[in-house]
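Each chain, letter by letter, is given below.
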Amino acid sequence: MIRKIHTIKLLSGMVFLLLMLQSCEEQKQISSIDPVNWQSRQVKISQQDSLTSGETYLSIYSEIYSQTEHITHDLTATISMRNTSRRDTIYVEKAEYYATDGKLIRTYFDAPIYIAPLETIEIVIDETDRSGGTGANFIFDWKADLAATEPVFDAVMISTSGQQGLSFTTQGIRTK
């Protein structure tokens, strides 16, 4: 009987230690907050430059409904900012990420950044980052030379589980 009590105490102590170790694990950080060193891409745009301005809206899905409106499936989103010009640099002044309810989640940069000819810069929204919800979106403010092609903003959402995969794309639309 004493041996059983001792074994139970030992086991409960091990369970307690295991739970303590799990609770001390470092919280996983969301990598989508700073995947690129935005400061290294910052530029100062001269007021003398004859640039056209634009704003582009891009829908994003951090999660989608599955089976019913009460079950969702988390997704990883890759947001691409693309310069389709062979010779002109474009500038993105701001990239803002909004939740389904229209509230601002985060601004990725507030100072203009450059995108070189034919370059693509990406923002990745982690599968574990559910802050955007089922109706998240981005607003991009940008500038380009009058003769340059407009930047392209698109996204690929993907999730894989076991042997099944789900993926789809969205494309930005110019709003002004």
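What counts, and at which threshold
- Residues numbered from 1 in each chain as written.
- Predicted model: local features only at pLDDT ≥ 70, side-chain atom pairs only at ≥ 80, totals over all residues.
- Heavy atoms only, no water.
- Helix = DSSP H or I, 4+ residues; strand = E, 2+ residues; numbered from the N terminus.
- Buried < 20%, exposed > 50% of the residue type's maximum accessible area, 1.4 Å probe, protein only.
- Areas by Shrake-Rupley, 256 points an atom, 1.4 Å probe, with all protein chains shown as cover.
- Contact = heavy atoms within 4.5 Å.
- Salt bridge = Lys/Arg side-chain N within 4 Å of Asp/Glu carboxyl O.
- pLDDT = per-residue confidence, 0-100.
- Polar contact = N/O pair within 3.5 Å; in protein donor to acceptor, adjacent residues only side chain to side chain.
- Phe/Tyr/Trp six-rings, centres within 6.5 Å; stacked < 30°, edge-to-face > 60°.
- Lys NZ or Arg CZ within 6 Å of the ring centre and 35° of its normal.

Quick word on the overall build of the protein
And then number 1: Summing up its helical and strand segments, the protein has one helix and 12 strands in all.
And then number 2: Along the protein, from the amino end to the carboxyl end, the secondary structure elements read α-β-β-β-β-β-β-β-β-β-β-β-β.
And then number 3: Residues classed as buried in the protein amount to 34% of the 176 residues present.
And then number 4: Only carbon and sulfur atoms are counted for the fraction: they give 52% of the accessible area of the protein, which is about 11,500 Å².

Some words on the side chain of Ser-80
And then number 1: By secondary structure assignment, the location of Ser-80 is in strand 4 (residues 76-82).
And then number 2: If we ignore the near neighbours within four places in the chain, the residues touching Ser-80 are Thr-120, Ile-121, Glu-122, Val-152, Phe-153 and Asp-154.

A short note on the pattern of salt bridges
And then number 1: Applying the stated rule across the entire model yields nine salt bridges.
And then number 2: Asp-101 is the salt-bridge partner of Lys-103, the closest N and O atoms lying 3.9 Å from each other.
And then number 3: Residue Lys-103 is classed as exposed on the basis of its relative accessible area, which comes to 58%.
And then number 4: Overall, the relative accessible area of 55% leaves Asp-101 in the exposed class.
And then number 5: Put simply, Glu-63, Asp-74 and Arg-130 are held in one network by salt bridges that share partners.

Describing the confidence of the model for the protein
And then number 1: On average, residues of the protein score 84 in pLDDT, and 79% of them reach the 70 mark or higher.
And then number 2: Within the model, pLDDT remains below 50 along residues 21-26, and this stretch shows zero contacts once partners closer than five positions in the same chain are excluded.

Here's the deal with the side chain of Asp-129
And then number 1: Among the structural elements, Asp-129 can be located in the loop between strand 8 (120-125) and strand 9 (136-145).
And then number 2: Within the structure, Asp-129 has its side chain in polar contact with the side chain of Ser-131 (distance 2.6 Å).

Considerations on the packing of aromatic side chains
And then number 1: One pass over the full model with this rule turns up six aromatic pairs.
And then number 2: A centroid spacing of 4.9 Å and a plane angle of 45° characterise the contact between Trp-38 and Phe-109, whose relative ring orientation is tilted. Here Phe-109 lies in the loop between strand 6 (104-107) and strand 7 (113-115) and Trp-38 lies in the loop between helix 1 (2-23) and strand 1 (51-60), a separation of 71 residues in the sequence. Like Phe-109, Trp-38 is buried.
And then number 3: Here Phe-140 and Phe-153 contribute two aromatic rings whose centre-to-centre distance is 4.2 Å and whose plane-to-plane angle is 15°, an arrangement assigned as stacked. You can see Phe-140 sitting in strand 9 and its partner Phe-153 sitting in strand 10 (residues 152-161), a full 13 residues away along the chain. The residues Phe-140 and Phe-153 share a single accessibility class, namely buried.
And then number 4: These aromatic residues form a ring-pair network of at least three members: Tyr-97, Tyr-108, Phe-138, Phe-140 and Phe-153.
And then number 5: The side chain of Arg-41 reaches across the aromatic face of Tyr-114, ending 4.4 Å from its centre.

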